[in-house]
Amino acid sequence: TWTWSNPDPTAYIAVNDGSTTFGLAAGTTSYTKYGVPYGGYAGISIAAFHDINHPSPFTPFVFGLTTPIIPYNPHTTGATTSSVSFGWSNYDSVSQIAVSDYTTISLLGTNATSFTKTAVASGYYACIAVEAYNALHASGWSGAACGYSLPTTPTLPVATTHVGSVSFTWTNHDPYSYIALTNGGNPQALGQNVTTYTQTGMTTGQYACIKVAAYNYAGASAYTATWACGQAS
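Basis of the calculations
Residues numbered from 1 in each chain as written. Predicted model: local features only at pLDDT ≥ 70, side-chain atom pairs only at ≥ 80, totals over all residues. Heavy atoms only, no water. Phe/Tyr/Trp six-rings, centres within 6.5 Å; stacked < 30°, edge-to-face > 60°. Pairing = 2+ DSSP bridges. Helix = DSSP H or I, 4+ residues; strand = E, 2+ residues; numbered from the N terminus. Axes fitted to C-alpha atoms, helices over the stretch in contact; angles between N-to-C directions. Salt bridge = Lys/Arg side-chain N within 4 Å of Asp/Glu carboxyl O. Disulfide = S-S within 2.5 Å. Core = buried A, V, L, I, M, F, W, Y, C linked by side-chain atoms within 4.5 Å. Buried < 20%, exposed > 50% of the residue type's maximum accessible area, 1.4 Å probe, protein only.

Right, let's get into the packing of aromatic side chains. Inspection of every chain in the model, using the stated rule, returns 13 aromatic pairs. Grouping aromatic residues by their ring pairs yields a cluster made of Tyr124, Tyr125, Tyr148, Tyr176 and Tyr217.

Structure representation (structure tokens):
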């Protein structure tokens, strides 16, 4: 929408939008151009006239930008043990994109649709919000998208023998991650940040061996490289 001052309220207004010239009623002081793309621009030049064949000189063109719409569908696209990647969709291809991780705002450039948050602790989460903007307007921020980095493989599984059982302990590097254990059969889910397991119901001299891995919503670490084994006493 444009507005202007009209020193002659009896004069009609001619508007040129770069492709068409058309007339407005006498004394008109504003004009709205519809159908401009999201984030796009439009310009007009105006003149006043009593006789259409003898208008005043046209003004220089004045341009305006529409407000971009908030990007939609922010979501995770991948993860490593130290990063979380995100994607989203834009309503227009001409607006600039900004991403906030709720600590820092990163300016990504025109029509950007992806961002990777680095320096994320393994097994921890990161969140972002996305905004479209141009020289005059900003869309406002999208809702948050959050995702976890991949967990690190637990280390140092150690077996301790008992009468009729073998106990295992290990070091878990990600307190938010869950633990999976295998003894050569189907994996067992042990829960969040579990660091011990006991194989019971064993006979004297019977062996038990395990490997452990960590997992979360982003995926799973590798199992420990070697088996931890113990023999019931």
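All right, on to the sheet that holds strand β14 (residues 155-162) then. The antiparallel open sheet is built from three strands, whose spatial order is β14-β15-β18. In the strand order of this sheet, the two ends are held by β14 and β18 (196-199), each with one partner. The average undirected angle you get between the axes of adjacent strands in this sheet is 20°.

Scanning the model with the defined rule gives two salt bridges in all. The closest approach of N and O atoms between aspartate 17 and lysine 33, which form a salt bridge, is 3.2 Å. In this pair, aspartate 17 sits in the loop between β2 (12-16) and β3 (21-24) while lysine 33 sits in the loop between β4 (30-31) and β5 (41-49), placing the two residues 16 residues apart along the sequence. The partner of aspartate 101 in a salt bridge is lysine 117, with the nearest N and O atoms 2.6 Å apart. Within this pair, whereas aspartate 101 is found in the loop between β9 (96-100) and β10 (105-110), its partner lysine 117 is found in strand β11 (residues 114-117), the two being separated by 16 residues in sequence.

For tyrosine 102, which is not glycine, the phi torsion reads 75° and is therefore positive. By the element assignment, tyrosine 102 lies in the loop between β9 and β10.

What follows concerns the sheet that holds strand β7 (residues 72-80). Ordered in space as β7-β8-β11, the three strands form an open sheet in which the pairing is antiparallel. Whereas interior strands pair on both sides, the edge strands pair on one side only; in this sheet they are β7 and β11. Taking the axes of each pair of neighbouring strands and ignoring which way they run, one obtains an average angle of 20° across the sheet. In terms of strand pairing, strand β8 (residues 83-89) meets β11 through four bridges, oriented antiparallel. Each residue of the ladder has a partner; that of glycine 87, found in β11, is serine 114.

Let us now look at the state of the cysteines. The tally for this structure, following the rule as stated, stands at two disulfides. Between cysteine 127 and cysteine 146 runs a disulfide, and the two sulfur atoms are separated by 1.9 Å. Because the torsion about its S-S bond is 110°, the bridge between cysteine 127 and cysteine 146 counts as right-handed. Here cysteine 146 lies in strand β13 (residues 145-148) and cysteine 127 lies in strand β12 (residues 125-133), a separation of 19 residues in the sequence.

Grouped together as the largest cluster of nonpolar side chains are 14 residues, with contacts concentrated most on Phe168, Trp170 and Ile210. Taken together, the elements giving at least two residues each to this core come down to β15 (165-171), β16 (178-182) and β19 (207-216). Considering each element in turn, this core owes the most residues, four residues, to β19.

Our next topic: the pairing of β9. For β9, a buried count of four out of five residues is recorded, marking the element as mostly surrounded by other parts of the structure. Judged from the five bridges that link them, β9 and β10 form a sheet pairing that is antiparallel. Among the inter-strand pairings, glutamine 96 is bridged to a residue of β10, identified as threonine 110. Hairpin geometry of β9 and β10 is characterised by an intervening segment of four residues between the two adjacent antiparallel strands and by a positive phi of about 75° at tyrosine 102. By the bridge criterion, five bridges tie β9 to β12 in an arrangement that is antiparallel. Opposite valine 99, over in β12, you have valine 130 as the bridge partner.

Take it as geometry only, folks, not as evidence of what the structure does.
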